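The chain contents come next:
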Amino acid sequence: MSLHEEQKEVVASIAMMQEWVLEAEHIFDGSWASLPEEITNRAVGRRFETYLEHLLHVVEEEGRTPQEQSCLGELLKVLTHLRPGLIHCYDLKGFPRTNNEMERTIRAVKMHYRRISGRKSWNSYLLRYGRCVLYHEWWLHQPDGEAQLHTRLRSMSTSSWRSTRHQTRQCHLEQLLRFRFRHRPLEYLATLEKRWEQATGTVVLPP
């Protein structure tokens, strides 16, 4: 086989793999729908599940090159991992659909907090309130949103409130531990060693 033919096969393989990426984009952008009302979480989800099934079949097909199996397999792995939280924006008006829209939303929340607090960094604010930050901001931008939010909170059952509080505290704890490990690793590891000694009665010797 000549060098030209080899390059031609490589280009064809890359073009084939690119088509799978473009097909995922086509599903998410809703260009397949004839009417805007057809683009819903359920409709996009169905198309995306079919897409993942087909992609799995292609990855496992005989005759695929190692590079194709590796690249398409990685695409399948990433999209399957992201699937549970990937398709939620189509039934919510104003919900960010792209990375650029999400970044603009986050910057707006940062600016709002900085104006309120006078602080440049909002890391402590984010660590303390976590996912509740954007949820609260979204309600404030809805017509009569603050009153609607208070109504929803008043109708919330005690068990649901306790469950949500527990989840929020767990998320906060996870973020806080990650922050401590990144910024004060020696103190964090010393704390772990002390807890291990208390739990097992075994003294951790210094290296």
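Residues numbered from 1 in each chain as written. Predicted model: local features only at pLDDT ≥ 70, side-chain atom pairs only at ≥ 80, totals over all residues. Heavy atoms only, no water.

## Digging into a nonpolar patch on the surface
Right, so step 1: A surface patch of nonpolar side chains, amounting to about 300 Å² of accessible area, comprises L92, F95, M102 and L134.
Right, so step 2: As for its placement among the helices and strands, F95 is situated in the loop between α3 (66-82) and α4 (99-117).
Right, so step 3: Judged by its relative accessible area of 32%, F95 is partly exposed. (Patch = residues over 30% accessible without salt bridge, like charges linked within 9 Å, V, L, I, M, F, W, Y side chains within 5 Å. Areas by Shrake-Rupley, 256 points an atom, 1.4 Å probe, with all protein chains shown as cover. Salt bridge = Lys/Arg side-chain N within 4 Å of Asp/Glu carboxyl O. Helix = DSSP H or I, 4+ residues; strand = E, 2+ residues; numbered from the N terminus. Buried < 20%, exposed > 50% of the residue type's maximum accessible area, 1.4 Å probe, protein only.)

## Concerning helix α6 (residues 132-140)
Right, so step 1: Listed as buried for α6 are V133, E137 and W139. Projected down its long axis, α6 carries its buried residues within an arc of 160 degrees, all on one side. (Arc of directions from axis to C-beta.)

## Quick word on the layout of surface pockets
Right, so step 1: Here the second largest pocket is characterised by a volume of approximately 620 Å³.
Right, so step 2: Forming the boundary of the second largest pocket are 19 residues, of which F28, L86, R97, T98 and N99 lie nearest the centre.
Right, so step 3: Looking at the lining of the second largest pocket, the elements that each hand over two or more residues are α1 (3-29), α3 and α4.
Right, so step 4: Of the residues belonging to the lining of the second largest pocket, the class tally is twelve nonpolar, four polar and three charged. (1 Å grid on protein atoms, 1.4 Å probe; cavity = no way out; pocket = protein on both sides within 12 Å on 5 of 7 lines; lining within 4 Å. Points joined across faces, edges and corners; volume = space filled by probe spheres on them. Nonpolar A, V, L, I, M, F, W, Y, C, P; charged D, E, K, R; others polar.)

## Describing the environment of F48
Right, so step 1: Positionally, F48 belongs in helix α2 (residues 41-60).
Right, so step 2: Sequence separation between F48 and A24 is 24 residues; the distance between their C-alpha atoms is 7.4 Å.
Right, so step 3: In this view, F48 contacts I27, F28, L79, R83, L86 and I87; residues no more than four positions away in its chain are not counted. (Contact = heavy atoms within 4.5 Å.)

## A word on the pattern of salt bridges
Right, so step 1: Scanning the entire structure with this criterion turns up four salt bridges.
Right, so step 2: Here E61 makes a salt bridge to R64, at a shortest N to O gap of 2.8 Å.
Right, so step 3: With a shortest N-O distance of 3.5 Å, R184 and E187 are connected by a salt bridge.
Right, so step 4: Among the ionic contacts, a cluster of salt bridges with common partners joins E61, R64 and E68.

## Some points on the packing of helix α8 (residues 158-183) against helix α9 (residues 185-200)
Right, so step 1: Here α8 crosses α9 at 120 degrees, and the two axes come no closer than 5 Å. With respect to their mutual orientation, α8 and α9 come out oblique. Where α8 abuts α9, its residues L177, R180, F181, R182 and H183 lie against P185, Y188 and L189.
Right, so step 2: Taken together, the residues of the contact of α8 with α9 break down into five nonpolar, one polar and two charged. (Axes fitted to C-alpha atoms, helices over the stretch in contact; angles between N-to-C directions. Parallel < 35°, antiparallel > 145°, perpendicular 65-115°, else oblique.)

## Some details on the environment of L82
Right, so step 1: On the secondary structure map, L82 appears in helix α3.
Right, so step 2: It is 28 Å that separates the C-alpha atoms of L82 and A12, two residues lying 70 residues apart in sequence.

## Let's talk about the confidence of the model for the protein chain
Right, so step 1: Confidence in the prediction for the protein chain averages 84 pLDDT; 91% of positions are at 70 or higher.
Right, so step 2: Looking at the elements of the protein chain, mean pLDDT is at its lowest for helix α5 (residues 123-129), recorded as 67, and at its highest for α2, recorded as 95. (pLDDT = per-residue confidence, 0-100.)

## A word on the nonpolar core
Right, so step 1: Core analysis: the biggest nonpolar cluster contains 23 residues, and W20, V44, F48, Y51, L55 and L72 have the highest contact counts within it.
Right, so step 2: Those elements that provide at least two residues to this core are α1, α2 and α3.
Right, so step 3: Among the elements that line this core, the one with the most residues is α2, at eight residues.
Right, so step 4: W20 has contacts with Y51, H54, L55, V58, L72 and L75, leaving out every residue within four places of it along the chain. (Core = buried A, V, L, I, M, F, W, Y, C linked by side-chain atoms within 4.5 Å.)

## Points about the packing of aromatic side chains
Right, so step 1: Inspection of every chain in the model, using the stated rule, returns four aromatic pairs.
Right, so step 2: Seen from their ring centres, W20 and Y51 are 5.5 Å apart, and the 55 degrees between their planes marks the pair as tilted. Residue W20 is found in helix α1, and its partner Y51 is found in helix α2; the two are separated by 31 residues along the sequence. An identical accessibility class is assigned to W20 and Y51; each is buried.
Right, so step 3: Consider the rings of F48 and Y51, whose centres lie 5.8 Å apart with planes at 15 degrees: the pair is stacked. Residue F48 and its partner Y51 are located together in helix α2, separated by three residues, close to a single helical turn. Grouping residues by exposure puts F48 and Y51 together as buried.
Right, so step 4: Of the aromatic side chains, those joined through ring pairs into one cluster are W20, F28, F48 and Y51. (Phe/Tyr/Trp six-rings, centres within 6.5 Å; stacked < 30°, edge-to-face > 60°.)

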